[in-house]
Amino acid sequence: ALSSAASDVYKRQLMIPEGYRPKLGLYDTQSAIEVIKQTFVSKLTANLNLRRVTAPLFVQSNTGLNDNLNGTERAVAFDIPDADTEAQVVHSLAKWKRMALGKYGFPAGEGLYTDMNAIRRDEELSNIHSVYVDQWDWCKVISRLDRNTEYLKETVRQIADAVCDTLDALKSVFPQITTTLQRQVSFVTTQELEDMYPALTPKERENAYTKAHKTVFIMEIGDVLRSGEKHDGRAPDYDDWKLNGDILFLSLIHIS
């Protein structure tokens, strides 16, 4: 449980629309989470040709497998006396996934997914960011010929379809949910965003473009823009800043 002071700080990070009322109670919310997890796994694995593997909760500190995110975040570490070693709770599985693909012998065109639990102690808290992370994580082997922008875009479309199919399944079980998402994805680079909205901050650019296009994939994150600034930070040791990006959805919700 959070202390009173910590709870007050956390609440200040949350943005709750005026007049908002939850569509589901706590009991039905748990059922909805189950529908979401089961449906999304089914859709994503079918679209991307993935197999499930079990993810580690922690890794040995000296293996180099723990992702260092932007290079500044501190990992939660603890010693294991009986093994005479130190371990770190995972930040993310970006490096571990690549190791696992080779270890399990996945061929080109196939990949793995896992349900990752992580702790990010230095996270900036908000509606979509928490110290505790529970997320689907996946990685796939592709051929050198497929390492291009068009293959990336097609993969993004398949992920967007999985998300939209999951929402459709959820609404069939809980018709009181009125959220809508757009399937069609608009693609834009961070430099194009800066050119379009030079007076806005990176997050404001994202918001403005997503408001206009509903479902967006923002590409080429991490490198320095012509202004001399970065759009956002990305891992310095493995992330390809020319073939990466974030998917953003504008969810339209009827508030009654």
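Relevant structure appears above.
Just so it is clear, the structure is predicted and the values come from calculations on it, not from any experiment.

1. A short note on the pairing of strand β3 (residues 77-80)
And then number 1: With four bridges connecting them, β3 and strand β4 (residues 85-89) associate as antiparallel partners. Residue pairing in the sheet places A77 in a bridge with Q88 of β4.
And then number 2: Counting the residues in the hairpin turn of β3 and β4 gives four residues, including D84, whose phi is positive at 50°.

2. What about the sheet that holds strand β7 (residues 186-189)?
And then number 1: Here three strands make up an open sheet; going across it, the order is β7-β8-β9 and the pairing mixed. Each having just a single partner strand, β7 and β9 (245-249) make up the two edges of the open sheet. Ignoring which end each strand starts from, the neighbouring axes of this sheet average 20° apart.
And then number 2: Across five bridges, the pairing between strand β8 (residues 215-219) and β9 is antiparallel. If you follow V216 over to β9, its bridge partner there is L248.
And then number 3: The sheet contacts of helix α6 (residues 202-213) involve β7, β8 and β9, and relative to β8 the element is tilted by about 140°.

3. Quick look at the side chain of T166
And then number 1: Checked against the element boundaries, T166 lands in helix α4 (residues 149-173).
And then number 2: We classify T166 as buried; its relative accessible area is 6%.
And then number 3: Once residues lying within four places of it in the same chain are set aside, the contact partners of T166 are I36, T39 and F40.

4. Concerning α6
And then number 1: Its 12 residues place the ends of α6 16 Å apart at the C-alpha level, agreeing with the 16 Å of an ideal helix rising 1.5 Å per residue.
And then number 2: As for α6, its buried residues are in contact with β7, α5 (190-196), β8 and β9.
And then number 3: One or two steps after α6, the chain reaches K214, where phi turns positive at roughly 75°.

5. Comments concerning the nonpolar core
And then number 1: In terms of nonpolar packing, the biggest core is built from 13 residues, with V90, L112 and M116 touching the most fellow members.
And then number 2: Core analysis: the next-biggest nonpolar cluster, separate from the first, contains eight residues, F40, L50, I159 and A162 among them.

6. Observations concerning the packing of aromatic side chains
For any pair of aromatic rings, the description consists of the separation of the ring centres together with the inter-plane angle of the planes.
And then number 1: Applying the stated rule across the entire model yields four aromatic pairs.
And then number 2: Residue placement shows K37 over the ring face of W136; its charged tip is 5.8 Å from the ring centre.
And then number 3: Cation over ring: K153 sits above F187, and NZ or CZ is 5.2 Å from the ring centre.

7. A few points about the pairing of strand β5 (residues 111-119)
And then number 1: As paired strands, strand β1 (residues 50-52) and β5 are joined by three bridges and run parallel to one another. Considered in β5, the bridge of R52 is made with Y113.
And then number 2: The sheet contact formed by β5 and strand β6 (residues 132-140) spans nine bridges and is antiparallel. When the sheet's bridge partners are listed, T114 is paired in β6 with D137.

8. Details of the environment of Y132
And then number 1: Within the secondary structure, Y132 is located in strand β6.
And then number 2: For the pair Y132 and R121, spaced 11 residues apart in sequence, the C-alpha to C-alpha distance is 8.2 Å.
And then number 3: Excluding anything up to four places from it in sequence, Y132 contacts N117 and A118.
And then number 4: Separated by 2.7 Å, the side chains of Y132 and N117 make a polar contact.

9. A short note on helix α2 (residues 26-48)
In an α-helix, one turn spans 3.6 residues; hence positions three or four apart end up facing the same way.
And then number 1: Given a rise of 1.5 Å per residue, 23 residues ought to cover 33 Å, and the 32 Å separating the end C-alpha atoms of α2 matches this to within 8%.
And then number 2: Looking only at α2, the buried set comprises A32, V35, T39, F40, V41, L44, T45 and L48.
And then number 3: Buried-residue contacts for α2 involve β1, β5, β6 and α4.
And then number 4: N49 lies just past α2 and shows a positive phi near 60°.

10. Section: the pattern of salt bridges
And then number 1: In total, this model carries 14 salt bridges according to the counting rule given.
And then number 2: One salt bridge in this structure joins D115 and K37, with 3.2 Å as the shortest N-O distance. With a gap of 78 residues between them, D115 in strand β5 and K37 in helix α2 connect regions that are remote in the sequence.
And then number 3: A salt bridge links D195 to R226; its shortest N-O distance comes to 2.8 Å. With D195 in helix α5 and R226 in the loop between β8 and β9, the pair connects residues that are 31 residues apart, well separated along the chain.
And then number 4: Exposure remark for D195: the relative accessible area of 46% places this residue in the partly exposed category.
And then number 5: Classification of R226 by relative accessible area gives exposed; the value is 64%.
And then number 6: When salt bridges with common partners are traced through the structure, they connect K203, E206, D232, R234 and D246 into a single cluster.

Conventions we followed
Residues numbered from 1 in each chain as written. Predicted model: local features only at pLDDT ≥ 70, side-chain atom pairs only at ≥ 80, totals over all residues. Heavy atoms only, no water. Pairing = 2+ DSSP bridges. Helix = DSSP H or I, 4+ residues; strand = E, 2+ residues; numbered from the N terminus. Axes fitted to C-alpha atoms, helices over the stretch in contact; angles between N-to-C directions. Contact = heavy atoms within 4.5 Å. Buried < 20%, exposed > 50% of the residue type's maximum accessible area, 1.4 Å probe, protein only. Expected span 1.5 Å × (residues − 1). Core = buried A, V, L, I, M, F, W, Y, C linked by side-chain atoms within 4.5 Å. Phe/Tyr/Trp six-rings, centres within 6.5 Å; stacked < 30°, edge-to-face > 60°. Lys NZ or Arg CZ within 6 Å of the ring centre and 35° of its normal. Polar contact = N/O pair within 3.5 Å; in protein donor to acceptor, adjacent residues only side chain to side chain. Salt bridge = Lys/Arg side-chain N within 4 Å of Asp/Glu carboxyl O.

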